[in-house]
Amino acid sequence: MKKGQTGEGTVIKAEFPNKGIIYTEEGEKIVVKNAVPGQKLRFLISKKRKGKCEGRVLEVLEKSPLERKEAACVHFGSCGGCTYQNLDYKQQLALKEEQMKELLFPAVQQADTAWFEGIKPSPVQYGYRNKMEFSFGDEYKDGPLALGMHKRGSFYDIVTVSGCRIAGSDYNQILQASLAYFSERNVTYFKKNSHEGYLRHLLVRKAANTGEILIALVTTGQSCGTQPEDVLLEGFREALLRLKLDGKIVGILHTRNNSVADAVINEGTQILYGQDYFYEELLGMKFKITAFSFFQTNSLGAEVLYETVRDFIGNLEYGKESVVYDLYSGTGTIAQMMAPAAGKVIGVEIVDEAVRAARENAQLNGLQNCEFISGDVLKVLEDGMIKDRPDIIILDPPREGVHPKALRRILDFGVERIVYVSCKPTSLVRDLAVMQESGYRVERGCCADMFPGVYHVECVVLLSKLHTKQNIEVELEMREMDLTAAESKAAYEEIKDYVLEHMGLKVSSLYIAQVKEKCGIIERVNYNLPKSENSRHPKCPPEKEAAIREALEHFRMI
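The shown structure was predicted, so the numbers you read here are calculated from the model rather than taken from an experiment.

Thresholds applied
For every chain, the first residue of its written sequence is number 1, and the numbers climb from 1 along that sequence. Under the rules for a predicted model, residues below a pLDDT of 70 receive no local features and side-chain atom pairs below 80 are neither given nor counted, while totals for whole chains, interfaces and linings still include all residues. Note: side-chain values were computed over all heavy atoms of the structure, leaving out hydrogens and water. One bridge is not enough; two strands pair if DSSP finds at least two bridges between them. To qualify as a helix, a DSSP run of H or I must reach at least 4 residues; to qualify as a strand, a run of E must reach at least 2; elements of each kind are numbered from the N terminus. In this description, a line fitted to the C-alpha atoms serves as the axis of each element, helices being fitted only across the stretch in contact, and the angle between N-to-C directions of two axes falls anywhere from 0 to 180 degrees. Each patch is assembled from residues with relative accessible area greater than 30% and no salt bridge, linking like charges that lie within 9 Å and nonpolar side chains (Val, Leu, Ile, Met, Phe, Trp, Tyr) that lie within 5 Å. Using a 1.4 Å probe, accessible areas were evaluated by the Shrake-Rupley method; residue-level cover was limited to the displayed protein chains. Salt bridges are identified by distance alone: a Lys or Arg side-chain nitrogen within 4 Å of an Asp or Glu carboxyl oxygen. Charge convention: Lys and Arg are scored as positive, Asp and Glu as negative, and His as well as the terminal groups of each chain are ignored. Charged side chains are reduced to one point each, which is NZ for Lys, CZ for Arg, CG for Asp and CD for Glu. We call a set of buried residues a nonpolar core when its members are Ala, Val, Leu, Ile, Met, Phe, Trp, Tyr or Cys and they connect through side-chain atoms within 4.5 Å of each other. Only protein chains enter the accessibility calculation, which uses a 1.4 Å probe; a residue is then buried when its area is under 20% of its type maximum, exposed when over 50%, and partly exposed in between. We call two residues in contact when some of their heavy atoms are within 4.5 Å. In these notes the angle categories are as follows: under 35 degrees is roughly parallel, over 145 is roughly antiparallel, 65 to 115 is roughly perpendicular, and the rest is oblique. Note on convention: near helix rotated counterclockwise from far helix by under a right angle means a left-handed crossing. Clockwise means right-handed.

## Side note on the sheet that holds strand E20 (residues 392-395)
An order of E7-E22-E23-E21-E20-E17-E18-E19 is seen for the eight strands of this open sheet, with the pairing classed as mixed. For this open sheet the edge positions go to strand E7 (116-120) and strand E19 (370-374), each flanked by a neighbour on one side alone. Taking the axes of each pair of neighbouring strands and ignoring which way they run, one obtains an average angle of 15 degrees across the sheet. Of the pairings in the sheet, the one linking E20 to strand E21 (residues 417-422) comprises four bridges and is parallel in character. Looking at the pairing, Ile394 lines up with Val419 of E21.

Here it is, written out as structure tokens:
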């Protein structure tokens, strides 16, 4: 098929993330978003590149047998926030679990799949969100003011989601009251093209276990209309405080954002009422959360996730002598969950605000053995900012996963157990390949559904390695038997780093390959060979050969 052509077909399966697969009669594969297995669709080819076709759904000709008669949410289809509200929850879980199996099983080296323990459901299916970020706009060009989520497939149009199912009734009341207040006063919203207007976002956060609510109105610094801004904001505050909510409003904030980016950026915040934080409680611990700090959006689901992490780690072998690294620690939630069973827990996080919150929360919970360091994980590890070597490492990286250089540094510690928590399974798959090449084995893994109604899913994987003491014993035995450690391999980058650090020389991969060949170290494939047999390539100088040999001896490869 060609770009711009339309076609019809049945979705045979859904691949992560949210990709419906259709095959034409000619056997051509079409990928369409927002589709469910079993649906018969009419689609438009929107992109074709290198033989791969991407389509856009024009019409659902026949529903899937998996679908409900009516979607659970009245906004489903028009709102771009949810993808699976047309499925019963059991069907959602089954679909997500199957997608994860297809993604993870080929990435795990062992043939046995007993390590995979399935998917854990969210304790609540509806009203689970503890944070909603609503946008001001209009539902169509020059239409009346709207407040809600982006329309599916649109960068500009906003759907007023006053009946949203994944947010609770308090959120919907706050949304409707805010929209009515600003509509009555003809207050303008910020337009992405002209960069003119006042209203931008309404951020609402509510703790599931304490019921505390924090609200932040985000605006530009432009004119808000005929009323003075302080009068407008005072009226907004009073309108919210008159609401009869299940929870309790503890803070109302006004935040400036003059950036042209379509994102909530804090350029200064004023407290209109109460305080600029709220408290949430998880698994017997209390957490102070600010308007813009990261916290898992499903509080009850987070308890399931963190209990899974604790279960995977099990009993700490060294008890009160153990050191746990919590890398990409955010506000330190996982670190504090581990603290009672560990000697020391060290969290590393690049966002200063999150680190400050983590330190404050540790004090709030009476934890004296938590240390939180502000900085990039790679830089912190490279610069030796942590003096204590870890016994266990927990990774909970952002969506892009662990930076390759940081992952190499992490693996160099050779700890017995690593627990990897992933909010983007495709990034996990990429990192698993590197970790398994470094001698780690996947022991346990499962998914936790933190996002009912949405295709996203969290994954937790436990990887293990032989105990350090056992490794030392094996190496000594090999040396006593006068065997070379042929199976003990260092990566090319490790050899380069060693030579540069200890001998002050820069060496290429080609030079390393030449010296390895001289030493009788067999490579699977030497990708550093020239493309042509007649190509001339430099030979490794004697001083660099000596330096590389020293590095190979250091890594016990010769």
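So, next bit.
## Quick notes on a positive patch on the surface
A cluster of like positive charges, contributed by Lys3, Lys19, Lys33, Lys47, Arg49, Lys50 and Lys52, occupies part of the molecular surface. Mapped onto the elements, Lys19 comes out in strand E3 (residues 19-23).

## Considering the pairing of strand E22 (residues 441-448)
Along a regular strand, successive side chains alternate from one face of the sheet to the other. With three bridges joining them, E7 and E22 adopt parallel strand pairing. If you follow Phe116 over to E22, its bridge partner there is Gly445. In terms of strand pairing, E22 meets strand E23 (residues 458-464) through seven bridges, oriented antiparallel. Paired with Cys447 across the bridge in E23 is Cys459.

## A few points about the nonpolar core
Counting residues in hydrophobic clusters, the biggest one holds 82 residues, and the most contacted among them are Phe136, Phe182, Leu199 and Leu202. Residue contacts for Leu202: discarding those within four places in its chain leaves Met132, Glu133, Phe134, Phe136, Leu147, Ile174, Ser178, Ile215, Ala216, Leu217 and Phe236. Counting residues in hydrophobic clusters, the runner-up holds 42 residues, among them Leu395, Val402, Ile418 and Leu463.

## Observations regarding the packing of helix H11 (residues 492-503) against helix H13 (residues 542-554)
Where H11 meets H13, the axes come as close as 9 Å, and the angle between the chain directions of the two elements is 115 degrees. Considering the angle they form, H11 stands roughly perpendicular to H13. Both H11 and H13 take part in a crossing whose hand is right-handed. Of H13, the residues touching H11 (which contributes Ile495, Tyr498, Val499 and Met503) are Ala547, Ile548, Glu550, Ala551, Leu552 and His554.

## Section: the pattern of salt bridges
One pass over the structure, following the stated rule, counts 25 salt bridges. Residue Glu382 pairs with Arg409 through a salt bridge whose shortest N-O separation is 3.7 Å. Highlighted residues: Glu382 in helix H7 (residues 377-382) and Arg409 in helix H8 (residues 404-412), separated in sequence by 27 residues. Judged by relative accessible area, which is 32%, Arg409 ranks as partly exposed. Close ionic contact of Asp431 with Arg430 constitutes a salt bridge, the shortest N to O distance being 3.1 Å. Members of the salt-bridge network, linked through shared partners, are Lys13, Glu15, Lys29 and Glu102.

## What to know about the sheet that holds strand E12 (residues 212-219)
Judged by pairing direction, the sheet is mixed, and its seven strands sit side by side in the order E10-E9-E8-E11-E12-E13-E14 without closing on themselves. A single partner strand is all that each edge strand has here, and the edge strands are strand E10 (158-159) and strand E14 (269-274). Note: strand E11 (residues 199-206) against E12, seven bridges, orientation antiparallel. Within E12, the residue paired with Leu203 across the bridge is Ala216. Where helix H3 (residues 229-241) meets the sheet, it contacts E11, E12, strand E13 (248-256) and E14, and its direction lies at approximately 155 degrees from that of E13.

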